[in-house]
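Listed below, chain by chain, are the residues.
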Amino acid sequence: MVKKIVSFSLAGALIIALSGCSSKEVTIENKQPEKYEVLGKATGTGSGSLAALGTAYYFIPLGLNDRTERAYADAIRSVPGATGLINVTYSEDWFWWVIGTNRTVTVTGDAIREIK
């Protein structure tokens, strides 16, 4: 009886340990240079999904962890000559698509170019 309880406890702990997802911290706005020129407003988006097949619990990340970095890079690319952003804002929208959720990050800010 004790062996069964220990076996179920270990199995449960293993399932919990393996079911977690994580990602690294992301710094959205880099340190601004001493001298820069403001080029205009910039906006970028990055999307990812959290999916599962046939269950109400979503646990398979699809492009989810780096969506903020992709949105930041997209915002910089949206203004020709930009090398960074200041006054950054972040928003996230999501929608449900039956077997998962889609999460879209929007990063906006003032595009800048460093003056050397």
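Preceding block: the structure.
Residues numbered from 1 in each chain as written. Predicted model: local features only at pLDDT ≥ 70, side-chain atom pairs only at ≥ 80, totals over all residues. Heavy atoms only, no water.

1. Here we look at the nonpolar core
Among the nonpolar cores identified, the biggest contains 12 residues, and these are Ala 42, Ala 71, Tyr 72, Ala 75, Ile 76, Val 79, Ala 82, Leu 85, Val 88, Val 105, Val 107 and Ala 111. At the level of elements, helix H2 (67-77), strand E3 (84-96) and strand E4 (100-114) are the ones that each hand at least two residues to this core. Per-element tally for this core: the top contributor is H2, with 4 residues. (Core = buried A, V, L, I, M, F, W, Y, C linked by side-chain atoms within 4.5 Å. Buried < 20%, exposed > 50% of the residue type's maximum accessible area, 1.4 Å probe, protein only. Helix = DSSP H or I, 4+ residues; strand = E, 2+ residues; numbered from the N terminus.)

2. Notes on the environment of Thr 68
Counting through the fold element by element, Thr 68 comes out in helix H2. Using a relative accessible area of 13% as the deciding quantity, one classes Thr 68 as buried. Separated by 38 residues in sequence, Thr 68 and Thr 106 have C-alpha atoms that sit 7.9 Å apart.

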